[in-house]
Amino acid sequence: MRQRETSIQLAHGGGGVMSRNLIRDEIVSRFGRGPLEGLPDAARISIAGRELLFTTDSYVVTPLEFPGGNIGSLAVHGTVNDLAVSGGRPRWLSLGLILEEGLPFEVLRRVLDAIVAAATACDVRVATGDTKVVARGQCDGMFINTSGIGDPIPGFRLGPERLRPGDWVLASGTLGDHGMAVLAARAGIGIMGGPVSDSAPVHRLVEAAAAFAGGVRFMRDPTRGGIASVLNEAVEGQAVGILLREAVLPFAPGTRSAAEMLGLDLLNVACEGRLLMICEPGVGEGILETWHRLPEGQRACRIGEVDDRGGAVILETVMGSRRLVDVPQGEVLPRIC
Amino acid sequence: MKYVDSFRDPAIAAPLCDRLKTRGAALAARGGRARIMEVCGSHTMAVGRHGIRQLLPENVTLISGPGCPVCVTAPGYIDAAIALARRGVTIATFGDMLHVPGSEGTLGECRSGGASVEVCYSPRSARDLALARPDREVVFLAIGFETTIAPVVSLVDLALREHIGNLSLLTAFKLVPPALRAVLDDPEIQVDAFLCPAHVSAIIGPRTYEPFARDFRKPCVIAGFEPLDILFGLCAILDQMVEGRASVENLYERVVHEDGNPIARALMDRYLRPVAARWRGLGQLPDSGLMLRDEFVRYDAEKRFDVPVGPGRESPGCLCGEVIKGKRSPLECPLFAQRCTPTDPVGPCMVSSEGTCSAYYKYERRMRA
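Residues numbered from 1 in each chain as written. Chains lettered and ligands numbered in written order. Predicted model: local features only at pLDDT ≥ 70, side-chain atom pairs only at ≥ 80, totals over all residues. Heavy atoms only, no water.

Caption draft 1: Spotlight on the overall build of chain B. For chain B, the count of helices and strands is 16 helices and 11 strands. In terms of C-alpha radius of gyration, chain B reaches 21 Å, essentially the compact-globule figure of 21 Å for 369 residues. Its C-alpha atoms give chain B principal-axis dimensions of roughly 65 × 45 × 45 Å. Counting the 369 residues in chain B, one finds 60% classified as buried. Summing over all exposed atoms, chain B offers an accessible surface of approximately 14300 Å²; the carbon and sulfur share of this is 51%. Within chain B, one finds 44 positive and 43 negative side-chain charges whose respective centroids are separated by 2 Å. (Helix = DSSP H or I, 4+ residues; strand = E, 2+ residues; numbered from the N terminus. Rg over C-alpha atoms; globule rule 2.2 N^0.38 Å. Buried < 20%, exposed > 50% of the residue type's maximum accessible area, 1.4 Å probe, protein only. Areas by Shrake-Rupley, 256 points an atom, 1.4 Å probe, with all protein chains shown as cover. Lys, Arg positive; Asp, Glu negative; His and termini not counted. Charge placed at Lys NZ, Arg CZ, Asp CG, Glu CD.)

Dropping the structure here:
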């Protein structure tokens, strides 16, 4: 039997096709009923008649600190964002730390301070936690797990099955900054004005869109696999597709420089503080206006539309031609979050 | 980003596309067509990424050539690399090589099984690895064309100067001109002109292509990788064909100089000598590869560890060999997007980020549905 069938490969964690197959075959097949069904970013659970959103995420980014954030701020933003894009208001966090023998205290303190600052900015409280230390070589500096609980914001009815031709695809800001910042930091690529992570909470963008909640059909934060992964998932098996327009895609210059140098397609690269939304055409302008009033929504724009090309995500290039935007395959960029 | 955007300016692309159409029509008026081989894998990817095939007139076809270094590497080479990894040697490699099928498995699978396989963005990382781990032997998988050969062979230069004893190369260097000759010598492959590789030309210089223009009457145009570069290059090729000319034109003067890069060639010449090389698809071609000269044999992993590189076994049913020669399009392969996908590739053209099948899969497979 080939090795790929007998053991986990790095590509299983890359956010591409192999990750999806792993989750489908090993996780969903065992736990896929109930709140886990459909693999939402956050599960809807009910306790004593009250509906709550519940999510968890683990953070293994390397290096621990990168331009624009560190593993601590990322661990707060990632989980807060999973709640927010599920139409929730983040409330409580758990904090699980796995520390490697030899981790400098000053690094630990910077990470913890970043957690406090990010949680304060997101108006969430760390309610419970756990700390473990493992021997040198058994983890890489530190790993973090955070779980989050949030309140559903009334009015959002989200799901890819609600997409209709003509819907607008909105991005709240520049794309691919986090993945490129981490990769550049890791590779020691010093570019003047180089990529800076977009790690940030998106819950205020969601709150701002709540006034238009009825017209919002789909929200995600495009992390691993970038917007290519998220949009392909949204239209997979559906009668609708998506047309993106290259000329209007928002990219930060430093991020683009790094991506062009390394030959990476930014549509496949992770964001950690952006909101990708698909909405009815009637509310698109209104949502963009409210976003533009927020600092995190300054570069928000419409990047494309839903069309009737079933299941396909297509890019209209600046040359006026069209090409497929595929799901990234295999080991895209390991350990970026 | 000025140097990216100015080479993707739609306002300049439009007149170039018009010119392609009129030139295509002029050819068509006398029953002609143009089968243009884009030799280099980076051109293949750029054509896909920017949707350039759709901008061409109907009688102008782009055929992908043997210019993807991973794709032309024979399976026996992967077998040798796996054998080395299993012996406890650290393999340093560009990422694409991880998933190329050898006779029985891939290096990626070997790594999951516990072997030490490190992915490098630059050959220099192999030297850093060797310095960081003096207790281990580090072998760099030295594949590539002229563009890559010089920087990779500079590792030997570094190792000599820095007295690094635990670093060696498993070489499968390939040269582009002998492959083009093999393409032209094959009566089944009908190519009217070459869109010559950009960065390879920066090393070997435009004059190297002169025999192809003079003796075979094939227009040879060197163009860069940006969409306007490619459109401009295709226009130049069609101009030549319409006017019945065949010459070498260098349209990538910002990078490719008249005499190429003599310093890089001198470095290659100091350490390497020509050798017959085995190409996936094209078979054994005389003087189409380079290997370390005898005085540098201690840096030659094949000899140092006595792992002879054999032909290996190609996956049955896989048309990569035909695709590499430009005889078939990936869409004609029965395995394409069925049994052979980037996640579970059967042949190397689907693995490499410069592979023809990978480019078609990534950018065009559903455009035709």
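The discussion continues.
Caption draft 2: Representation of the domain arrangement of chain A within the structure. All names here are of chain A. Considered domain by domain, chain A is made up of domain 1 (38–152) and domain 2 (160–324). If you average the C-alpha positions of domain 1 and of domain 2, the two centres end up 23 Å apart. Taken together, both faces of the contact between domain 1 and domain 2 bury some 1700 Å²; the carbon and sulfur share is 59%. On the domain 1 side of the interface with domain 2, the three residues burying the most area are Pro67, Asn81 and Val85, jointly 29% of the side's total. Applying the counting rule to domain 1 against domain 2 returns 2 salt bridges. A salt bridge links Arg220 to Asp41; its shortest N-O distance comes to 2.9 Å. (Domains from an automatic or database assignment. Buried area = accessible area lost by both parts, 1.4 Å probe. Salt bridge = Lys/Arg side-chain N within 4 Å of Asp/Glu carboxyl O.)

Caption draft 3: Expanded view of the pairing of strand S10 (residues 241–245) of chain A. Residue and element names in this part refer to chain A. In terms of residue burial, S10 counts as a mostly covered element, since 4 of its 5 residues are buried. Here S10 runs beside strand S12 (residues 301–307); their pairing, made up of 4 bridges, is antiparallel. Bridge pairing in S12 links Gly241 to Asp307. (Pairing = 2+ DSSP bridges.)

Caption draft 4: Here's a closer look at helix H4 (residues 75–86) of chain B. Residues and elements named next belong to chain B. Taking 1.5 Å per residue, 12 residues should reach 16 Å; H4 reaches 17 Å between its end C-alpha atoms and fits that length. Of all 12 residues in H4, 9 are buried; the element is thus mostly enclosed. Of the residues making up H4, those classed as buried are Pro75, Gly76, Tyr77, Ile78, Ala80, Ala81, Ile82, Leu84 and Ala85. A positive phi of about 95 degrees marks Gly88, the residue just after H4. (Expected span 1.5 Å × (residues − 1).)

Caption draft 5: Local environment of the interface of chain A and chain B. Tallying the contact residues gives 31 residues for chain A and 37 residues for chain B. Buried area between chain A and chain B, both sides added, is near 2900 Å², and the carbon and sulfur share of it is 50%. Viewed at the interface, chain B and chain A are joined by 4 salt bridges. One salt bridge in this structure joins Asp326 of chain A and Arg365 of chain B, with 2.9 Å as the shortest N-O distance. Run the count over chain A and chain B and you get 9 residue pairs in polar contact (both at pLDDT 80 or more). Residue assignment for the side of chain A that touches chain B shows that the elements contributing at least two residues are helix H1 (3–6), helix H2 (17–31), helix H8 (253–262) and strand S14 (322–324) of chain A. The dominant element in the side of chain A that touches chain B, judged by the number of residues it contributes, is H8 of chain A, at 5 residues. Of the residues belonging to the side of chain A that touches chain B, the class tally is 13 nonpolar, 10 polar and 8 charged. (Contact = heavy atoms within 4.5 Å. Polar contact = N/O pair within 3.5 Å; in protein donor to acceptor, adjacent residues only side chain to side chain. Nonpolar A, V, L, I, M, F, W, Y, C, P; charged D, E, K, R; others polar.)

Caption draft 6: View of the environment of Gly159 of chain A. All names here are of chain A. Mapped onto the fold, Gly159 is located in the loop between strand S7 (142–152) and strand S8 (168–171). Exposure remark for Gly159: the relative accessible area of 8% places this residue in the buried category. As a C-alpha pair, Gly159 and Arg217 span 58 residues in sequence and 6.1 Å in three-dimensional space.

Caption draft 7: Structural detail: the pairing of strand S11 (residues 283–292) of chain B. All names here are of chain B. In terms of strand pairing, strand S6 (residues 167–174) meets S11 through 2 bridges, oriented antiparallel. Note on S11: the bridge partner recorded for Phe173 is Leu290. One ladder, built from 7 bridges, connects strand S10 (residues 272–279) with S11; its direction is antiparallel. What sits directly across from Arg278, in S11, is Gln284. Turn length for the S10-S11 hairpin, with the two strands adjacent in sequence and antiparallel, is 3 residues, and the turn residue Gly281 shows positive phi of about 95 degrees.

Caption draft 8: The arrangement of the packing of aromatic side chains in detail. All names here are of chain B. Tallied over the entire structure, the rule returns 6 aromatic pairs over all chains. Pairing Phe145 with Trp279 gives two aromatic rings, centres 6.0 Å apart and planes at 35 degrees, and the pair type is tilted. Of this pair, Phe145 sits in the loop between strand S5 (138–144) and helix H7 (146–161) while Trp279 is found in strand S10, placing the two residues 134 residues apart along the sequence. In this structure Phe145 comes out as buried when scored by relative accessible area, which is 5%. (Phe/Tyr/Trp six-rings, centres within 6.5 Å; stacked < 30°, edge-to-face > 60°.)

Caption draft 9: Highlighting unusual backbone geometry. Between Thr62 of chain A and Pro63 of chain A the backbone carries a cis peptide bond, its omega angle lying at 0 degrees. Even without a glycine there, the phi angle at His163 of chain B is positive, about 55 degrees. The backbone phi angle of Ala337 of chain B is positive, close to 60 degrees, even though this residue is not glycine. Here Ala337 of chain B is to be found in the loop between helix H14 (320–325) and helix H15 (348–351).

Caption draft 10: Up close: helix H9 (residues 281–292) of chain A. Residue and element names in this part refer to chain A. Look at H9: 18 Å from first C-alpha to last across 12 residues, which is about the 16 Å you get at 1.5 Å a residue. Along H9, the positions that sit buried rather than exposed are Val283, Gly284, Gly286, Ile287, Leu288, Thr290 and Trp291. The inward-facing, buried residues of H9 abut S8, helix H6 (203–209), strand S9 (216–220), strand S11 (276–279) and S12.

Caption draft 11: Broad picture of the state of the cysteines. Residue and element names in this part refer to chain B. Considering all chains together, one arrives at 1 disulfide over all chains under this definition. Each sulfur in the disulfide pair Cys68 and Cys71 lies 2.4 Å from the other. Looking down the S-S bond of the Cys68 and Cys71 bridge, the torsion is 70 degrees, so its handedness is right-handed. With a relative accessible area of 4%, Cys68 lands in the buried category. There is no disulfide at Cys110, and the cysteine sulfur nearest it, in Cys120, is 16 Å away. (Disulfide = S-S within 2.5 Å.)

Caption draft 12: Examining the sheet that holds S10 of chain A more closely. Residues and elements named next belong to chain A. Strand order across the open sheet formed by 7 strands is S9-S11-S8-S12-S10-S13-S14, with mixed pairing between neighbours. Every interior strand has two partners, whereas the edge strands, S9 and S14, have only one. Recorded for the sheet is a direction-independent mean angle of 25 degrees between the axes of neighbouring strands. Where S8 and S12 come together, 4 bridges link them in antiparallel fashion. Paired with Leu170 across the two strands is Arg302, which belongs to S12. Against the sheet, helix H7 (residues 226–235) engages S8, S9, S10, S11, S12 and strand S13 (313–316), with an angle of about 150 degrees to S10. (Axes fitted to C-alpha atoms, helices over the stretch in contact; angles between N-to-C directions.)

Caption draft 13: View of a nonpolar patch on the surface. Residues and elements named next belong to chain A. Where nonpolar side chains cluster on the molecular surface, the patch consists of Ile23, Ile27, Val28, Phe31, Leu36 and Leu39 and spans about 450 Å² of accessible area. Summarising the element assignment, Leu36 is placed in the loop between H2 and strand S1 (43–47). Among the residues examined, Leu36 registers a relative accessible area of 33% and is labelled partly exposed. (Patch = residues over 30% accessible without salt bridge, like charges linked within 9 Å, V, L, I, M, F, W, Y side chains within 5 Å.)

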